[in-house]
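Topology and contacts: notes
Each chain is listed here by its residues.
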Amino acid sequence: MATLFPKKVPAFTRALGGNDDIFDSETDLPVEAEVAVTFSVNFNQRISVLVFGIGAAQCEVLSANIDFSKAVKMRVVDLTVSNQIVMSCSAFMFDQKIVIWLCDTQERDSCYGFRKWVDTLLSSFLLDQNSCIYILTDSPASEFQSDFKPSTPFIRTLRTPRASGLCFPDVKPLEPPNIIAGFASPIMAHCIYHSLPACVLIVYYENLRTSLAKTDIFPVLIPILAAIGELRPFILSDGISGRPTAHNFDQMYI
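Residues numbered from 1 in each chain as written. Predicted model: local features only at pLDDT ≥ 70, side-chain atom pairs only at ≥ 80, totals over all residues. Heavy atoms only, no water.

The protein chain appears in an unreviewed UniProt entry as Proteasome assembly chaperone 1 from Hydatigena taeniaeformis. We quote the UniProt Sequence similarities (unreviewed entry) comment for the protein chain here in full: "Belongs to the PSMG1 family." (UniProt positions renumbered as here; feature names shortened; annotations may be inferred.)

**Quick notes on the pattern of salt bridges**
Across all of its chains, the model carries four salt bridges by this definition. Across the pair aspartate 95 and lysine 97 runs a salt bridge, and its minimum N-O distance is 3.7 Å. A relative accessible area of 35% places lysine 97 in the partly exposed class. Notably, a salt bridge pairs arginine 156 with glutamate 175, separated by 3.2 Å at the nearest N-O pair. One end of the pair, arginine 156, is in strand 8 (residues 154–159); the other, glutamate 175, is in the loop between strand 8 and helix 5 (184–193), and 19 residues separate them in sequence. A relative accessible area of 26% means that glutamate 175 is categorised as partly exposed. (Salt bridge = Lys/Arg side-chain N within 4 Å of Asp/Glu carboxyl O. Buried < 20%, exposed > 50% of the residue type's maximum accessible area, 1.4 Å probe, protein only. Helix = DSSP H or I, 4+ residues; strand = E, 2+ residues; numbered from the N terminus.)

**Quick word on the side chain of asparagine 65**
Mapped onto the elements, asparagine 65 comes out in helix 3 (residues 56–65). Its relative accessible area of 5% is what places asparagine 65 among the buried residues. From its side chain, asparagine 65 meets the backbone oxygen of valine 61 in a polar contact 2.8 Å long. (Polar contact = N/O pair within 3.5 Å; in protein donor to acceptor, adjacent residues only side chain to side chain.)

This is the structure we're talking about:
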């Protein structure tokens, strides 16, 4: 049984089931959530690259720019609250060594106690300290705390201690007091706890979104996908505008 708190909470301690004094006096009852595996194919080989696309926009970016006709669907995991699906995650395998999880959700609240859900996703495939885990998510720019806010969209990143060299050096790290919120936080917490190399990339966009993901998020994420070497053979040709360089990243993220 997993538990969902429909409010924002500090990312890592809450995701691991810890306590934060500022919230200890609150008495809101949690909402129980269920995790169900609705489709599964057994696979026992090590995965070299694992990519999570969390949210409708990230799923759209991945679906539109990666050739999923070359993939095999391996697993489907649903997360339900009060018999309503709040997230449906589908895993697709490429070349027997790359897995992409498409986790389609509109839910933006942070979570607590999702150990069973995270374990279900990450235990579906064999991972070790040589595997590379990338988590793509997004957030409104209004939630980014800084004296100076770059023009949107912009990206910030955070990595686990084991992920030195995994993240992209030209993408700025997430500055305190900003935190990872939503469903990306328990995945990162799991990776930290189990010493897995993982990198989360957060796309911050305009508060009132008037354009589709293709016009606001695509330009900043396509070079990221192309920079993951193992993914390049599966990226659709019309999604690549040349090999990404530090200059490209500087233009987009600073």
